[in-house]
Amino acid sequence: MSVHSVMRTLRKNKTLRYGVPMLLLIVGGSFGLREFSQIRYDAVKIKAVLRRSVLGQVELIDPELEKKLKMNKISLESEYEKIKDSAFDDWKNIRGPRPWEDPDLLQGRNPEILKTKTT
């Protein structure tokens, strides 16, 4: 048998053509779902620990979870400091084009002119 005939036989095999990709999707999806679910459970655990710490009860956190918390030092105050000095005085709200409108006509045009053209 030549390589060409083997490849043709493999392409015609319905198990390899449809079954193997389906199994890969199922197995890969379960691993992906596990990772996304773990994020949810970690968040619930963090909320519970923070709630207990506010009440004065001390509880130890999982070391891996504590490492993740220390790596993510983003807080509301740090985000506020980033945007505090931004100037929003010259900000202008510009509407994007609707699917039936021409984007070239919309940029920098008076909305009154657009109302007359669309009606």
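Residues numbered from 1 in each chain as written. Predicted model: local features only at pLDDT ≥ 70, side-chain atom pairs only at ≥ 80, totals over all residues. Heavy atoms only, no water.

Q: Tell me what's going on with the overall build of the protein chain, and back it up with residues and numbers.
A: Scanning the protein chain from N- to C-terminus turns up 6 helices and 0 strands. The buried share among the 119 residues of the protein chain stands at 6%. Counting only carbon and sulfur atoms, one obtains 61% of the accessible surface of the protein chain, whose full area is about 11,500 Å². (Helix = DSSP H or I, 4+ residues; strand = E, 2+ residues; numbered from the N terminus. Buried < 20%, exposed > 50% of the residue type's maximum accessible area, 1.4 Å probe, protein only. Areas by Shrake-Rupley, 256 points an atom, 1.4 Å probe, with all protein chains shown as cover.)

Q: So what about the confidence of the model for the protein chain? Which residues, and what values?
A: In the predicted model, the protein chain carries a mean pLDDT of 78, and the fraction of residues at 70 or more is 73%. Element-level pLDDT for the protein chain is lowest in helix H6 (residues 111-118), with a mean of 60, against a maximum mean of 86 in helix H1 (residues 3-12). (pLDDT = per-residue confidence, 0-100.)

Q: So what's going on with a nonpolar patch on the surface? Residues and values would help.
A: A surface patch of nonpolar side chains, about 600 Å² in accessible area, is lined by Val3, Val6, Met7, Leu10, Leu16, Val20 and Leu24. At the level of elements, H1 and helix H2 (14-55) are the ones that each hand at least two residues to the nonpolar patch. The element best represented in the nonpolar patch is H1, accounting for 4 residues. Relative to the helices and strands, Val20 is located in helix H2. (Patch = residues over 30% accessible without salt bridge, like charges linked within 9 Å, V, L, I, M, F, W, Y side chains within 5 Å. Salt bridge = Lys/Arg side-chain N within 4 Å of Asp/Glu carboxyl O.)

Q: An account of the pattern of salt bridges is needed here, citing residue identities and associated values.
A: Under the defined criterion, the tally for this structure stands at 3 salt bridges. Notably, a salt bridge pairs Lys84 with Glu81, separated by 3.2 Å at the nearest N-O pair. The partly exposed category is assigned to Lys84, whose relative accessible area is 41%.

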